[in-house]
Amino acid sequence: MPASPPIETEESLTTQRRYDRQAALFDLMEVPFEFLAFGKLRRRLWGDVDGAIVLEIGVGTGKNIPFHRADTRTVAVDISPRMLRRAAHRARRLERDVDLVLADAQHLPFPDSAFDAASATFVFCSVPDPIAGLQEVRRVVRDSGRVHLLEHVRAPNPVVGRLMDLANPIAVRMSGANINRDTVSSVAKAGIALDDVESRGFGIIKIVRGSTGQRPSGQEEREPPAQEMTNDVASR
Ligand SMILES: C[S@@+](CC[C@H](N)C(=O)[O-])C[C@H]1O[C@@H](n2cnc3c(N)ncnc32)[C@H](O)[C@@H]1O
(Lines give C-alpha, C1' and ligand atoms only; values in the text may rest on other atoms or scores of the structure.)
Protein backbone atom coordinates (compact mmCIF):
# COMPACT_ATOMS: atom_id res chain seq x y z
CA MET A 1 0.00 0.00 0.00
CA PRO A 2 1.69 3.26 -1.06
CA ALA A 3 1.70 6.14 1.44
CA SER A 4 -0.74 9.00 0.77
CA PRO A 5 1.11 11.75 -1.05
CA PRO A 6 1.40 14.75 1.28
CA ILE A 7 -1.34 17.34 0.87
CA GLU A 8 0.76 20.27 -0.15
CA THR A 9 -0.66 22.36 -2.97
CA GLU A 10 -1.83 25.74 -1.72
CA GLU A 11 -5.39 25.13 -2.99
CA SER A 12 -5.65 21.74 -1.28
CA LEU A 13 -4.26 23.12 1.98
CA THR A 14 -6.78 25.97 1.83
CA THR A 15 -9.61 23.45 1.31
CA GLN A 16 -8.31 21.40 4.22
CA ARG A 17 -8.19 24.46 6.49
CA ARG A 18 -11.73 25.50 5.50
CA TYR A 19 -13.22 22.11 6.35
CA ASP A 20 -11.15 21.68 9.49
CA ARG A 21 -12.50 25.04 10.63
CA GLN A 22 -16.15 24.12 10.13
CA ALA A 23 -16.00 20.46 11.22
CA ALA A 24 -17.39 21.09 14.71
CA LEU A 25 -20.47 22.93 13.42
CA PHE A 26 -20.90 21.16 10.07
CA ASP A 27 -23.70 18.79 11.11
CA LEU A 28 -25.59 21.48 12.98
CA MET A 29 -25.47 23.90 10.01
CA GLU A 30 -26.90 21.26 7.67
CA VAL A 31 -29.76 20.01 9.86
CA PRO A 32 -32.55 21.75 7.88
CA PHE A 33 -31.23 20.54 4.50
CA GLU A 34 -30.80 16.99 5.78
CA PHE A 35 -34.30 16.99 7.21
CA LEU A 36 -35.98 18.48 4.13
CA ALA A 37 -34.16 16.69 1.33
CA PHE A 38 -30.60 15.41 1.66
CA GLY A 39 -31.38 12.52 4.02
CA LYS A 40 -33.78 10.96 1.49
CA LEU A 41 -31.39 11.57 -1.40
CA ARG A 42 -28.50 9.92 0.46
CA ARG A 43 -30.62 6.84 1.13
CA ARG A 44 -31.64 6.72 -2.52
CA LEU A 45 -28.07 7.09 -3.80
CA TRP A 46 -26.55 4.51 -1.48
CA GLY A 47 -29.34 1.99 -2.12
CA ASP A 48 -27.68 1.24 -5.46
CA VAL A 49 -24.03 1.23 -4.30
CA ASP A 50 -22.71 -2.30 -4.11
CA GLY A 51 -19.56 -4.37 -4.50
CA ALA A 52 -17.16 -6.21 -2.23
CA ILE A 53 -15.07 -3.07 -1.72
CA VAL A 54 -16.36 0.47 -2.17
CA LEU A 55 -14.61 3.87 -1.99
CA GLU A 56 -16.34 6.90 -0.46
CA ILE A 57 -14.67 10.19 -1.39
CA GLY A 58 -14.99 13.18 0.95
CA VAL A 59 -16.70 11.25 3.76
CA GLY A 60 -16.92 14.43 5.88
CA THR A 61 -18.47 13.79 9.29
CA GLY A 62 -19.74 10.42 8.08
CA LYS A 63 -23.35 11.24 7.26
CA ASN A 64 -23.44 8.41 4.72
CA ILE A 65 -22.11 5.79 7.14
CA PRO A 66 -25.64 4.65 8.14
CA PHE A 67 -26.25 3.86 4.44
CA HIS A 68 -23.06 1.84 3.86
CA ARG A 69 -23.97 -1.78 3.19
CA ALA A 70 -23.06 -4.14 6.00
CA ASP A 71 -21.80 -6.79 3.53
CA THR A 72 -19.39 -4.34 1.81
CA ARG A 73 -15.97 -3.17 2.92
CA THR A 74 -15.96 0.63 2.68
CA VAL A 75 -12.81 2.73 2.47
CA ALA A 76 -13.53 6.43 2.96
CA VAL A 77 -11.15 9.33 2.35
CA ASP A 78 -11.24 13.00 3.26
CA ILE A 79 -8.77 15.86 3.08
CA SER A 80 -9.76 17.22 6.52
CA PRO A 81 -8.44 15.47 9.64
CA ARG A 82 -11.12 17.08 11.79
CA MET A 83 -13.95 15.91 9.53
CA LEU A 84 -12.41 12.43 9.57
CA ARG A 85 -12.25 12.41 13.35
CA ARG A 86 -16.00 13.09 13.45
CA ALA A 87 -16.61 10.33 10.92
CA ALA A 88 -14.61 7.98 13.15
CA HIS A 89 -16.79 8.88 16.16
CA ARG A 90 -19.93 8.29 14.12
CA ALA A 91 -18.67 4.91 12.87
CA ARG A 92 -17.90 3.86 16.45
CA ARG A 93 -21.27 5.06 17.70
CA LEU A 94 -23.09 3.16 14.94
CA GLU A 95 -20.78 0.15 15.38
CA ARG A 96 -19.87 0.23 11.68
CA ASP A 97 -16.49 -0.73 10.24
CA VAL A 98 -15.10 1.91 7.89
CA ASP A 99 -11.46 2.34 6.88
CA LEU A 100 -10.92 6.10 7.17
CA VAL A 101 -7.97 7.53 5.26
CA LEU A 102 -6.60 11.07 5.14
CA ALA A 103 -6.08 11.77 1.42
CA ASP A 104 -6.60 14.28 -1.35
CA ALA A 105 -9.11 13.06 -3.96
CA GLN A 106 -6.77 14.45 -6.62
CA HIS A 107 -3.98 12.02 -5.56
CA LEU A 108 -5.60 8.88 -4.19
CA PRO A 109 -3.20 6.51 -2.40
CA PHE A 110 -4.67 3.37 -4.01
CA PRO A 111 -3.61 1.20 -6.92
CA ASP A 112 -5.51 1.09 -10.21
CA SER A 113 -8.78 -0.88 -10.16
CA ALA A 114 -8.73 -1.34 -6.38
CA PHE A 115 -12.48 -0.77 -5.91
CA ASP A 116 -15.70 -2.20 -7.29
CA ALA A 117 -17.50 1.14 -7.01
CA ALA A 118 -17.11 4.68 -5.72
CA SER A 119 -19.52 7.19 -4.25
CA ALA A 120 -19.43 10.81 -3.11
CA THR A 121 -22.02 13.27 -1.83
CA PHE A 122 -21.53 17.03 -2.15
CA VAL A 123 -17.76 16.73 -2.63
CA PHE A 124 -16.75 17.75 -6.15
CA CYS A 125 -18.03 21.28 -5.51
CA SER A 126 -15.01 21.74 -3.22
CA VAL A 127 -12.24 19.59 -4.74
CA PRO A 128 -9.89 22.22 -6.22
CA ASP A 129 -9.59 20.45 -9.61
CA PRO A 130 -12.76 18.33 -9.93
CA ILE A 131 -11.74 16.74 -13.24
CA ALA A 132 -8.42 15.59 -11.73
CA GLY A 133 -10.33 14.16 -8.74
CA LEU A 134 -12.81 12.35 -10.99
CA GLN A 135 -9.94 10.98 -13.14
CA GLU A 136 -8.51 9.52 -9.95
CA VAL A 137 -11.89 7.93 -9.21
CA ARG A 138 -11.88 6.51 -12.74
CA ARG A 139 -8.39 5.09 -12.15
CA VAL A 140 -9.05 3.36 -8.83
CA VAL A 141 -12.43 1.84 -9.79
CA ARG A 142 -12.21 -1.43 -11.73
CA ASP A 143 -13.36 -1.83 -15.32
CA SER A 144 -17.13 -1.54 -15.67
CA GLY A 145 -17.38 -0.36 -12.05
CA ARG A 146 -20.06 2.12 -11.03
CA VAL A 147 -19.62 5.70 -9.81
CA HIS A 148 -22.48 7.21 -7.78
CA LEU A 149 -22.57 10.93 -7.07
CA LEU A 150 -24.94 13.34 -5.35
CA GLU A 151 -23.89 16.92 -6.10
CA HIS A 152 -25.19 20.45 -6.19
CA VAL A 153 -24.44 22.34 -9.41
CA ARG A 154 -25.01 25.66 -11.17
CA ALA A 155 -28.73 26.24 -11.80
CA PRO A 156 -29.84 25.65 -15.40
CA ASN A 157 -31.99 28.80 -15.22
CA PRO A 158 -29.75 31.52 -16.74
CA VAL A 159 -30.76 34.24 -14.26
CA VAL A 160 -30.33 32.04 -11.19
CA GLY A 161 -27.12 30.63 -12.69
CA ARG A 162 -25.72 34.14 -13.10
CA LEU A 163 -26.63 35.01 -9.51
CA MET A 164 -24.83 31.86 -8.40
CA ASP A 165 -21.75 32.97 -10.38
CA LEU A 166 -21.82 36.32 -8.57
CA ALA A 167 -22.28 34.74 -5.13
CA ASN A 168 -19.71 32.00 -5.71
CA PRO A 169 -16.60 33.80 -4.35
CA ILE A 170 -18.43 34.46 -1.07
CA ALA A 171 -19.74 30.88 -0.89
CA VAL A 172 -16.24 29.47 -1.42
CA ARG A 173 -14.76 31.67 1.28
CA MET A 174 -17.48 30.85 3.78
CA SER A 175 -17.94 27.14 3.16
CA GLY A 176 -15.26 25.87 0.76
CA ALA A 177 -17.97 24.85 -1.75
CA ASN A 178 -18.33 26.28 -5.26
CA ILE A 179 -22.02 26.74 -6.00
CA ASN A 180 -21.69 27.20 -9.77
CA ARG A 181 -19.90 24.09 -10.99
CA ASP A 182 -20.96 21.90 -13.90
CA THR A 183 -20.03 18.63 -12.23
CA VAL A 184 -22.00 16.49 -14.69
CA SER A 185 -19.73 17.70 -17.52
CA SER A 186 -16.66 17.14 -15.33
CA VAL A 187 -17.69 13.50 -14.85
CA ALA A 188 -17.83 13.00 -18.62
CA LYS A 189 -14.56 14.91 -19.15
CA ALA A 190 -12.86 12.59 -16.64
CA GLY A 191 -13.71 9.59 -18.83
CA ILE A 192 -16.61 8.25 -16.75
CA ALA A 193 -19.61 7.32 -18.90
CA LEU A 194 -22.85 8.98 -17.79
CA ASP A 195 -25.43 6.21 -17.37
CA ASP A 196 -28.13 8.26 -15.71
CA VAL A 197 -28.55 11.81 -14.38
CA GLU A 198 -31.54 12.69 -12.18
CA SER A 199 -32.32 16.34 -11.41
CA ARG A 200 -33.91 17.66 -8.24
CA GLY A 201 -34.45 21.09 -6.72
CA PHE A 202 -34.92 23.05 -10.00
CA GLY A 203 -31.93 21.26 -11.52
CA ILE A 204 -29.52 22.34 -8.77
CA ILE A 205 -29.22 18.87 -7.24
CA LYS A 206 -28.02 15.99 -9.43
CA ILE A 207 -27.87 12.28 -8.78
CA VAL A 208 -25.29 11.00 -11.25
CA ARG A 209 -24.73 7.33 -12.05
CA GLY A 210 -21.69 6.61 -14.15
CA SER A 211 -19.53 3.69 -15.15
CA THR A 212 -15.87 3.29 -15.86
CA GLY A 213 -16.15 1.12 -18.99
CA GLN A 214 -13.12 -0.85 -20.14
CA ARG A 215 -9.53 0.21 -19.45
CA PRO A 216 -7.16 -0.12 -22.42
CA SER A 217 -5.48 -3.57 -22.22
CA GLY A 218 -2.02 -3.89 -20.68
CA GLN A 219 -2.74 -1.67 -17.65
CA GLU A 220 -2.23 -2.73 -14.03
CA GLU A 221 -3.91 -5.76 -12.47
CA ARG A 222 -6.30 -5.27 -9.57
CA GLU A 223 -4.58 -5.19 -6.19
CA PRO A 224 -6.91 -4.60 -3.23
CA PRO A 225 -5.86 -2.02 -0.63
CA ALA A 226 -3.98 -3.55 2.28
CA GLN A 227 -5.88 -3.91 5.56
CA GLU A 228 -3.51 -1.58 7.40
CA MET A 229 -3.54 1.77 5.64
CA THR A 230 -1.05 4.55 5.89
CA ASN A 231 -2.72 7.66 7.30
CA ASP A 232 -5.61 5.59 8.67
CA VAL A 233 -6.97 7.97 11.26
CA ALA A 234 -9.50 5.60 12.72
CA SER A 235 -7.85 2.25 13.23
CA ARG A 236 -10.12 0.43 15.59
C1 LIG B 1 -19.67 19.59 1.78
S2 LIG B 1 -18.68 18.42 2.58
C3 LIG B 1 -19.62 16.91 2.31
C4 LIG B 1 -19.26 15.84 3.30
C5 LIG B 1 -20.06 14.54 3.13
N6 LIG B 1 -19.77 13.89 1.89
C7 LIG B 1 -21.54 14.81 3.26
O8 LIG B 1 -22.28 14.53 2.33
O9 LIG B 1 -21.94 15.28 4.35
C10 LIG B 1 -17.30 18.23 1.47
C11 LIG B 1 -16.26 17.25 1.99
O12 LIG B 1 -15.30 17.00 0.96
C13 LIG B 1 -14.01 17.05 1.54
N14 LIG B 1 -13.05 17.40 0.48
C15 LIG B 1 -12.94 18.59 -0.16
N16 LIG B 1 -11.93 18.56 -1.04
C17 LIG B 1 -11.38 17.33 -0.93
C18 LIG B 1 -10.29 16.68 -1.58
N19 LIG B 1 -9.55 17.32 -2.50
N20 LIG B 1 -9.98 15.42 -1.23
C21 LIG B 1 -10.72 14.76 -0.29
N22 LIG B 1 -11.76 15.33 0.37
C23 LIG B 1 -12.09 16.58 0.04
C24 LIG B 1 -14.12 18.10 2.63
O25 LIG B 1 -13.09 18.01 3.61
C26 LIG B 1 -15.50 17.80 3.19
O27 LIG B 1 -15.45 16.85 4.22
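Conventions adopted
Residues numbered from 1 in each chain as written. Predicted model: local features only at pLDDT ≥ 70, side-chain atom pairs only at ≥ 80, totals over all residues. Near = placed C-beta within 6 Å. Helix = DSSP H or I, 4+ residues; strand = E, 2+ residues; numbered from the N terminus. Nonpolar A, V, L, I, M, F, W, Y, C, P; charged D, E, K, R; others polar. Pairing = 2+ DSSP bridges. Axes fitted to C-alpha atoms, helices over the stretch in contact; angles between N-to-C directions. Core = buried A, V, L, I, M, F, W, Y, C linked by C-beta atoms within 7 Å. Buried ≥ 20, exposed ≤ 12 C-beta atoms within 10 Å, placed from the backbone. Contact = placed C-beta atoms within 7 Å. Expected span 1.5 Å × (residues − 1). Bend = angle between axes of the 7 residues up to and from the residue.

K.L.:
Teacher, can you tell me more about the site of the ligand here?
P.N.:
The environment of the ligand is made up of 21 residues, and the closest members are Tyr-19, Gly-58, Gly-60, Ala-105 and Thr-121. The greatest single-element share of the shell around the ligand, amounting to three residues, is contributed by helix H1 (residues 10–29). For the shell around the ligand, a count of residues per class yields 10 nonpolar, eight polar and three charged.

K.L.:
Before we go on, may I ask you to explain the sheet that holds strand E2 (residues 73–78) in this structure?
P.N.:
Sheet strands associate in pairs through backbone hydrogen bonding, adopting either a parallel or an antiparallel arrangement. With mixed pairing, seven strands are arranged side by side in an open sheet as E3-E2-E1-E4-E5-E7-E6. Each edge of the open sheet carries a strand with a single partner, namely strand E3 (98–102) and strand E6 (193–200). Between one strand axis and the next, the sheet turns through 15 degrees on average, direction left out of account. Two strands pair when backbone bridges link them, and strand E4 (residues 115–121) and strand E5 (residues 141–152) are joined in this way by six bridges, in the parallel orientation.

K.L.:
Explanation requested: the nonpolar core in the structure shown.
P.N.:
For soluble globular proteins, the rule of thumb is that nonpolar side chains tend to be buried together. Ranked by size, the top nonpolar core spans 48 residues in total, and within it Ile-57, Val-77, Ala-87, Leu-100, Phe-115, Ala-118 and Val-140 carry the most contacts. Sorting elements by how many residues they give to this core places helix H3 (residues 81–94) first, with five residues. Here Ile-57 is in contact with Val-77, Ala-105, Ala-118, Ala-120, Val-123 and Val-137, once residues within four sequence places are set aside.

K.L.:
I keep staring at the pairing of strand E7 (residues 205–211) and nothing clicks. Help me out?
P.N.:
Side-chain direction in a regular strand flips from residue to residue, so the side chains alternate between the two faces of the sheet. Of the strand pairs in this sheet, E5 and E7 are connected by seven bridges, and their pairing is antiparallel. Each bridged residue has a counterpart across the sheet, and for Leu-149 the counterpart in E7 is Val-208. Where E6 and E7 come together, seven bridges link them in antiparallel fashion. Bridge pairing in E7 places Glu-198 opposite Ile-207. Between E6 and the antiparallel strand that follows it, E7, lie four residues; Gly-201 among them carries a positive phi value of about 55 degrees.

K.L.:
I'm lost on the environment of Arg-73 in this one. Help?
P.N.:
Position of Arg-73 among the secondary structure elements: in strand E2. Measuring from C-alpha to C-alpha, the distance between Arg-73 and Val-98 comes to 7.2 Å, with 25 residues separating the pair along the chain. When sequence neighbours within four positions are dropped, the list of residues in contact with Arg-73 reads Ala-52 and Ile-53.

K.L.:
What is the right way to read helix H2 (residues 31–46) from this model?
P.N.:
Structural remark: α-helix, 3.6 residues per turn; residues separated by three or four positions point the same way. Under the 1.5 Å per step criterion, the end-to-end length of H2 is only 19 Å for 16 residues, more than 12% shorter than the ideal 22 Å. The largest bend in H2 comes to about 60 degrees, at Ala-37.

K.L.:
Looking at this model, I keep getting lost on H1. Mind explaining?
P.N.:
Over its 20 residues, H1 runs 26 Å from end to end, which matches the ideal 28 Å to within 8%, given 1.5 Å per residue. The sharpest bend along H1 comes to roughly 70 degrees, located at Ala-23. By the burial criterion, the buried members of H1 are Thr-15, Gln-16, Tyr-19 and Ala-23. Where H1 is buried, its residues meet H3.

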